[in-house]
Every structure is written in structure tokens, then in C-alpha cells.
Amino acid sequence: MNKKRNNPETIAIHGGEYRSDPATNAVAVPIYRTTSYQFNNTEHAANLFALKEFGNIYTRIMNPTNDVLEKRVAALEGGLSCVTVSSGQTASTFAVLNVAQAGDNIVSSTDLYGGTVSLFTHTLSKLGIEIRYADPSNPENFEKLIDDKTRAFYGETLPNPYLRVFPIKEVSDIGRKYNIPLIMDNTAAPVICRPIEHGAAVVIHSLTKYIGGHGTAVAGSIVDSGNFDWTADPKRQPLFNEPDNSYGGVIWGKAVPELTGANVPFSVRARVCLLRDLGSALAPDNAFAIIQGLETVALRMRQHCANAEYVVNFLKKHKEVTKVIYSTEHDKPIADRAKKYLQGGNGPMIGIELKGGIQAGKKFIESLKMFYHVANIGDARSLAIHPASTTHSQLNEKELAASGVTQSYVRLCIGIEHIDDIIEDLDQALNKSSKGNLKAVS
Ligand code: PLP
């Protein structure tokens, strides 16, 4: 890829090495629906298994369709290497399991997608990996929780419901003093934020969301920045500095740069150990679907953000809305983080609180005609959900408040429809929301 063509619009279409299919000259990326690959001879097979040579072995570990997607996502994020997996959840799981084992801990932001909280609190803790939660409003909270078993920091660029942009450089700088890598989930902010430029060592995505963009495939990715020295403090990163008996005693931190000439032990280990042992490979059909979405991600993100900005201004003036939550609508220094880390838009997601409380929230959702009432984010369509009566309905008042979800909170993911149609739908539903409330009260 020509280094000058480093713009996201171009990377999304041409990023990586793929120009046309080497076997057929097909321009569109073919779906390689194969589980296995014929070895040239026994020496070739042995070399592939010993990592002396890189090439296709088995689709659980690599696939040529996935490879095109991996190179493009790596380029989009400004990283060196990428591994795709079956979902965003797997990407988060692998990112942690690749650095931490039983007895270790990760210091994570409190502002996280609910599924990640569940993964951390209920599943990884059962495997003996402790997750310590730090409030990111003050980056120093991360430093306070470090001990000699801390293997990584974890944050989300633009987490809902608070929609406070994560202090990427501040937390990364603290981590680097202790040789602790920062893993960033950039699902909600592709193109408008590149966490690696601010010091993140690893960037994960639920490709299911904005990168796929059309709600047609579940997928995840793990990008290795190549900017983290995994061997600088061997005690801090034992999985990269101690012999791995599952792979003939290889020391990943040393062997990968020697074998590949690139500082990407994180992604190589995730591929050849975690995909090998845990599966969760991305199906090439889904990789193909995500590649189609990826081609337009820069255009879509621009439109999502422009529409969202317009909607924020509309909502701020609406009589039924008591609060608008948006990346730029916070007190300093939180609002300044949007300026510092987001470029070309302030994000596609908006939270609102309604005058009429929970009844108004429900009535508003039920009155929407064009918006879809769904639990996901990152679709070309506009989406809405009322968390207190759905995704967060099992929480009590105190837990709800701690999670940032109030009774009347509604999450909007602004799509790329015409802005007039988005506003019209929101306006008519908001105007009905108070009527629903009056009826419920009487
Ligand atoms: N990370 C974030 C920020 C998400 O919003 C989601 C899903 O909503 C995930 C991870 C999990 O992704 P997936 O649904 O692809 O497993």
C-alpha cells in the first residue's frame, strides 16, 4: 500500500496488500470457503507448523478472505497486524487472555459496554483473572490500582451510556511507565479516533457495529500496534518472556520479531495459541460481509456524526428533553477529551433524559416510526432503546444510577438517513412521550 494513501476513505477500500485474487484476478475479495490447504511437501508442512515459514494451515487459524480484512483493519487503525475472530466478545476475551492468566489482574475503565462488564465480572473472574475497575474521569485512578500482577489496562473510546471519551494518552502514558499495555475497544469510534496514535498498544473492535455497518454479520478484530515492547520487563509480561511449552518452548516476545521482522508477538500469539485452542474463528462468509461494509465506513461515520450533531442541537431545544448526553456535552475536562481524541465528528451516539421519566421513555420508544427498537449499535439505520426497561431492567435503582442509566434515559444511535426524516421521527415521538406519561400517572 502506497504510504501516501494513508487516508481512511482510501484505506477502507485499498488497505492491505490485496489488489486482485492471485488465482483468478477477481477484483472483489473472494470467499475462500475452505477449511484446509494443501501442503507443497512434508518440509513445507513442517515449516508452517514450526513458524519457520508463514502460510495457510487451517481456517480455524487463518483464511485468505479473513487475511484481506485483517490487513485492512490493521491499516485503518494504524497498526501492524490484526487477527479477526468470531465476535467482538471474543476479541475482548482474547485480548485479555493473551496477557493474563490465573492470579493476574487487569485494570479496566468503569465505562464499558455491558457485555464486557459481564465477561470481566462473571467469566474471566471464574478463570482467576481479576478485573479492577478505575473511574476514567481521573486517569490517575488507573495508577492507584497497579500491582506486580497487573498485565494490562483496558478502556473504551466512546462508551455509552455516559459517552465520556476515554483519556487514551493519559492512561497509556501511566501504563508505559510500568510496561503495562493499554488495550482499547474502539468499536464506537472507527475512523474518528485512532487510539494507537495516542499510545494504545492493542485495539479491538466489534466489527459487527460501525465497521460492518449493515447489521448483517457478527465479527471481531484485534489489532497489534507493533509499538509496545513486550520484552522490556519480563516479569511484567511472563506470557511473552517465558518458554511456551505448548509451542516447543518458544519465547513469543523474542521469537516473533526474529521470525517476522515485525514487533507483533501479541497478534501472533493470539492467532497461533488462542485461535488454536479456543476456536472462535471468523467464518470467511462473515469476513466477506464485513469487507463490504468496511469499504464505506469513513463515509458512513462522517454522516452518522454530522446527523448526530444536528440531532443534539435539536434535542437541546426540545421541551420534552431535560438532558442531552453527548461526547461534547460534558463539563471540562471531560468535554475537552472529545476535542483531543475525536476528529471529523463527535460520535454517532446520543443519550437523552425525558421530562416524563420512565413512562415517557417507553412511550417515546413505542412512538418512533422510522427508528428501530433494538439492543445493538452501529447500523446504517437509526436505532433507539430504553435501557431501564430492557437491557438494564434487572438492576435496582442504585445499580442503575451507578451504571449511568436513569429511569428516563434513552440511547439513540443516529443513522445515515436524511436528517429531515430523523428529526421528524424524533419530534413526533417526543411530542407523544409526555402524553404517555400523563396517561400512566392518571
Ligand atoms: N464492545 C462494544 C463497545 C460493543 O458495543 C459490543 C457489542 O455491542 C461488543 C464489544 C461485543 O461485540 P459483539 O456483539 O460483536 O460480540
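Preceding this paragraph is the structure being described.
What comes next concerns the included structure. (Residues numbered from 1 in each chain as written. Predicted model: local features only at pLDDT ≥ 70, side-chain atom pairs only at ≥ 80, totals over all residues. Heavy atoms only, no water.)

## Description of unusual backbone geometry
- Residue Pro161 follows Asn160 across a cis peptide bond; omega there is 10 degrees.
- The omega angle of the peptide bond from Lys332 to Pro333 is 0 degrees, so this bond is cis rather than trans.
- Along the polypeptide, Pro333 turns up in the loop between strand S8 (321-325) and helix H13 (334-341).
- Positive phi outside glycine occurs at Asn25, with the angle close to 70 degrees.
- Relative to the elements of secondary structure, Asn25 occurs in the loop between helix H1 (8-14) and helix H2 (42-49). (Helix = DSSP H or I, 4+ residues; strand = E, 2+ residues; numbered from the N terminus.)

## As for the sheet that holds strand S5 (residues 182-185)
- The seven strands are arranged S1-S7-S6-S5-S4-S2-S3 in an open sheet whose pairing can be described as mixed. Across the chains shown, the open sheet's two edge strands, defined by having one partner strand only, are strand S1 (81-85) and strand S3 (130-134). With strand direction ignored, the average angle separating the axes of adjacent strands in the sheet is 20 degrees.
- The sheet contact formed by strand S2 (residues 105-109) and S3 spans five bridges and is parallel. When the sheet's bridge partners are listed, Val107 is paired in S3 with Arg132. (Pairing = 2+ DSSP bridges. Axes fitted to C-alpha atoms, helices over the stretch in contact; angles between N-to-C directions.)

## Concerning the packing of helix H4 (residues 88-97) against helix H5 (residues 114-124)
- Relative to each other, H4 and H5 sit at 45 degrees, their axes nearing to 10 Å. On the basis of their axis angle, the class for H4 and H5 is oblique. Note on packing geometry: the crossing formed by H4 with H5 is right-handed. Contact residues: Gln89, Ser92, Thr93, Val96 and Leu97 in H4; Gly115, Thr116, Leu119, Phe120 and Leu124 in H5.
- When grouped by side-chain class, the residues that make up the contact of H4 with H5 number five nonpolar, five polar and no charged. (Parallel < 35°, antiparallel > 145°, perpendicular 65-115°, else oblique. Left-handed = near helix turned anticlockwise from the far one by under 90°. Contact = heavy atoms within 4.5 Å. Nonpolar A, V, L, I, M, F, W, Y, C, P; charged D, E, K, R; others polar.)

## Topic: the site of the ligand
- As a structural note, the neighbourhood of the ligand is formed by 13 residues, with Gly88, Asp185, Ser206, Thr208 and Lys209 the closest of them.
- With respect to the ligand, the backbone of Gly88 contributes an N or O atom lying 2.9 Å from an oxygen atom.
- Within the complex, 88% of the 390 Å² of free accessible area of the ligand lies under protein.
- Taken together, the residues that form the shell around the ligand break down as four nonpolar, six polar and three charged. (Near = heavy atom within 4 Å. Polar contact = N/O pair within 3.5 Å; in protein donor to acceptor, adjacent residues only side chain to side chain. Areas by Shrake-Rupley, 256 points an atom, 1.4 Å probe, with all protein chains shown as cover.)

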